[in-house]
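Examination of the molecular architecture
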Amino acid sequence: MRRSIRQLVALLVTALVLPASGLAAPVRSAIFFYPWYSNPSHDGTYTHWQQGAHTPPLDVASRFFPVRGAYSSGDPRVLRAQMRDIRDAGIDEVVSSW
């Protein structure tokens, strides 16, 4: 019994010390980026925002409403702002699906 408690304590100490010593892999963050949204002002029509009988611009096919509204993925200003947001958030990797 004593031996197993000592082993458990040694294991816990090791688990706490290894990350601090730099031996553990650094934590990385990744996001998915979907570049297929469009809107009338940039592209002439809504694409993907209206799926599931939604009616943009205020009702979009997303659980979350984008801060920039129903944006166009083809708008260079929007893309620059999104990439700046990604950088500022410390994201390490962007996975883009096409």
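Residues numbered from 1 in each chain as written. Predicted model: local features only at pLDDT ≥ 70, side-chain atom pairs only at ≥ 80, totals over all residues. Heavy atoms only, no water.

What follows covers unusual backbone geometry. Omega for the peptide link from proline 56 to proline 57 comes to 20°, which places this bond in the cis form. Tracing the sequence through the fold places proline 57 in the loop between helix H2 (40-43) and helix H3 (76-88). Within the chain, histidine 48 stands out as a residue other than glycine whose phi angle is a positive 75°. Considering the arrangement of structural elements, one finds histidine 48 in the loop between H2 and H3. On the basis of relative accessibility, which here comes to 24%, the residue histidine 48 falls in the partly exposed class. Phi is positive for alanine 53, close to 70°, though the residue is something other than glycine. Looking at the element boundaries, alanine 53 is found in the loop between H2 and H3. (Helix = DSSP H or I, 4+ residues; strand = E, 2+ residues; numbered from the N terminus. Buried < 20%, exposed > 50% of the residue type's maximum accessible area, 1.4 Å probe, protein only.)

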